[in-house]
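# Tertiary structure, described
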Amino acid sequence: MPRYKLIIEYDGGPFVGWQRQANGLAVQEAIETALHALTGDRGAIRGAGRTDAGVHARGQVAHADLTKDWRPDVLRDALNAYLRPCPVAILAAERVAHSFDARFSAVRRHYLYKITNRRAPLTLEAGQSWLVKRRLDAGAMHEAAQMLLGYHDFTTFRDSECQAQSPLRTLERFDVMRTHEEIHIFAAARSFLHSQVRSMVGSLEHVGSGKWSIHDLVAALEARDRRRCGMVAPPDGLYLMQVDYADENPAD
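Residues numbered from 1 in each chain as written. Predicted model: local features only at pLDDT ≥ 70, side-chain atom pairs only at ≥ 80, totals over all residues. Heavy atoms only, no water.

Glancing now at the layout of surface pockets. Space inside the largest pocket adds up to approximately 1,000 Å³. As for the largest pocket, its lining consists of 33 residues, and the residues nearest its centre are Arg50, Arg103, Phe192, Leu193 and His194. Breaking the lining of the largest pocket down by element, the ones donating at least two residues are β5 (106-117) and α4 (196-209). Each of domain 1 (3-104) and domain 2 (107-243) contributes no fewer than three residues to the lining of the largest pocket. (1 Å grid on protein atoms, 1.4 Å probe; cavity = no way out; pocket = protein on both sides within 12 Å on 5 of 7 lines; lining within 4 Å. Points joined across faces, edges and corners; volume = space filled by probe spheres on them. Helix = DSSP H or I, 4+ residues; strand = E, 2+ residues; numbered from the N terminus. Domains from an automatic or database assignment.)

Before going further, it helps to spend a moment on the domain arrangement of the protein chain. According to the domain assignment, the protein chain contains domain 1 (3-104) and domain 2 (107-243). A separation of 27 Å is found between the C-alpha centroids of domain 1 and domain 2. Facing the 15 residues of domain 1 at the interface are 15 residues of domain 2. Together, the buried faces of domain 1 and domain 2 total about 1,200 Å²; carbon and sulfur atoms form 50% of this surface. The largest per-residue losses of area from domain 1 upon contact with domain 2 belong to Asp52, His56 and Arg58, which jointly make up 43% of the total buried on that side. (Contact = heavy atoms within 4.5 Å. Buried area = accessible area lost by both parts, 1.4 Å probe.)

A few words now on the side chain of histidine 206. Take histidine 206: it is sitting in helix α4. Beyond its immediate chain neighbours, meaning those up to four positions away, histidine 206 contacts Lys211, Trp212, Gly230 and Met231.

All told, the structure shown has one cavity of 30 Å³ or more when counted by the stated rule. Considering the residues around the largest cavity, the lining is formed by Glu32, Leu35, His36, Asp41, Gly43, Ala44, Ile45, Ala64, Asp65 and Leu66. Breaking the lining of the largest cavity down by element, the ones donating at least two residues are α1 (27-39) and β3 (56-65). Of the residues forming the lining of the largest cavity, the biggest block, three residues, is contributed by α1. Of the residues belonging to the lining of the largest cavity, the class tally is five nonpolar, two polar and three charged. (Nonpolar A, V, L, I, M, F, W, Y, C, P; charged D, E, K, R; others polar.)

Right, let's get into the pairing of strand β9 (residues 182-189). Across eight bridges, β5 lies against β9 in antiparallel orientation. From the neighbouring strand, tyrosine 113 faces β9, where its bridge partner is isoleucine 185. Where strand β8 (residues 168-179) and β9 come together, eight bridges link them in antiparallel fashion. When the bridges of β9 are listed, leucine 171 appears paired with alanine 189. Hairpin connection between β8 and β9: a loop of two residues separates the two successive antiparallel strands, and histidine 180 in this loop has a positive phi of roughly 55°. (Pairing = 2+ DSSP bridges.)

A few words on the packing of aromatic side chains. For the coordinates displayed, the defined rule picks out four aromatic pairs. Centroid distance tyrosine 111 to phenylalanine 192: 5.4 Å. Interplanar angle 90°. Geometry classified as edge-to-face. Of this pair, tyrosine 111 sits in strand β5 while phenylalanine 192 sits in the loop between β9 and α4; the two residues are 81 residues apart in sequence, bridging distant segments of the chain. Both residues of the pair, tyrosine 111 and phenylalanine 192, belong to the buried class. Here the basic side chain of lysine 68 rests over the ring of tryptophan 70, its NZ or CZ set 4.6 Å away from the ring centre. (Phe/Tyr/Trp six-rings, centres within 6.5 Å; stacked < 30°, edge-to-face > 60°. Buried < 20%, exposed > 50% of the residue type's maximum accessible area, 1.4 Å probe, protein only. Lys NZ or Arg CZ within 6 Å of the ring centre and 35° of its normal.)

This part takes up the packing of helix α3 (residues 138-145) against α4. Contact geometry of α3 with α4 gives a least axis separation of 8 Å together with a crossing angle of 135°. One element, α3, and the other, α4, form an angle in the oblique class. The way α3 lies across α4 gives a crossing that is right-handed. Contact residues: Ala140, Met141, Ala144 and Ala145 in α3; Leu204, Glu205, Val207 and Gly208 in α4. (Axes fitted to C-alpha atoms, helices over the stretch in contact; angles between N-to-C directions. Parallel < 35°, antiparallel > 145°, perpendicular 65-115°, else oblique. Left-handed = near helix turned anticlockwise from the far one by under 90°.)

All right, on to unusual backbone geometry then. Residue proline 85 is reached from arginine 84 by a cis peptide bond, and omega for that bond is 5°. Positionally, proline 85 belongs in the loop between α2 (72-83) and β4 (88-96). Even without being glycine, serine 195 reaches a positive phi, approximately 65°. Structurally, serine 195 can be placed in the loop between β9 and α4. Positioned with a positive phi, arginine 224 is a non-glycine residue whose angle comes to about 50°. Here arginine 224 is to be found in the loop between α5 (214-223) and β10 (238-245).

So, in structure tokens, the structure goes:
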């Protein structure tokens, strides 16, 4: 059975998340339904990141095993036709080796969190960004974010229902940049805990608004206590941007 790597973009607003669930339509289910309609195959696809309800993606990666060979561009275009009108697009399809696993072969995941920092309500960006009306100090947020880099116990910034065996993670990048009304927060690591990025961003908002000092953020991290987390930022502003792999995993 040939294996295909899919690069996927989606608006997470209408979905219960990436992973198939009983309480509503998931992105995974939408793609599996399209694959079945196109190919007759009923196999599951595996994604690189299990994004929560409302979280978006510009570069989610998944793999699927199909019973026949498809020209990658034909597979991409046909799947997109079957996916309408869901806000999901297959950006690229590629034949890969059977050793490639979208989740377990990944070496780094990149996320973007978007904050719109203004008094006026969102129109074009509604559901696509977190509106924060009070003025935020992006410089202070960036300085504080650097305190979270490296290998730490991130229990404070871990969802209480997180199923990861360990709260230990290495945060490789956490940068905050302002452009006019937009504040963009970039995070990268091999893997993240459940709600880790949104929890860290929510706590950074406390620093930016002056509610917390940098010392308060560090103290929250070192407490290893979920109750010390500032807040959890809404899913609207979070995007899975890219997933890195050690090699290109060419087809067998």
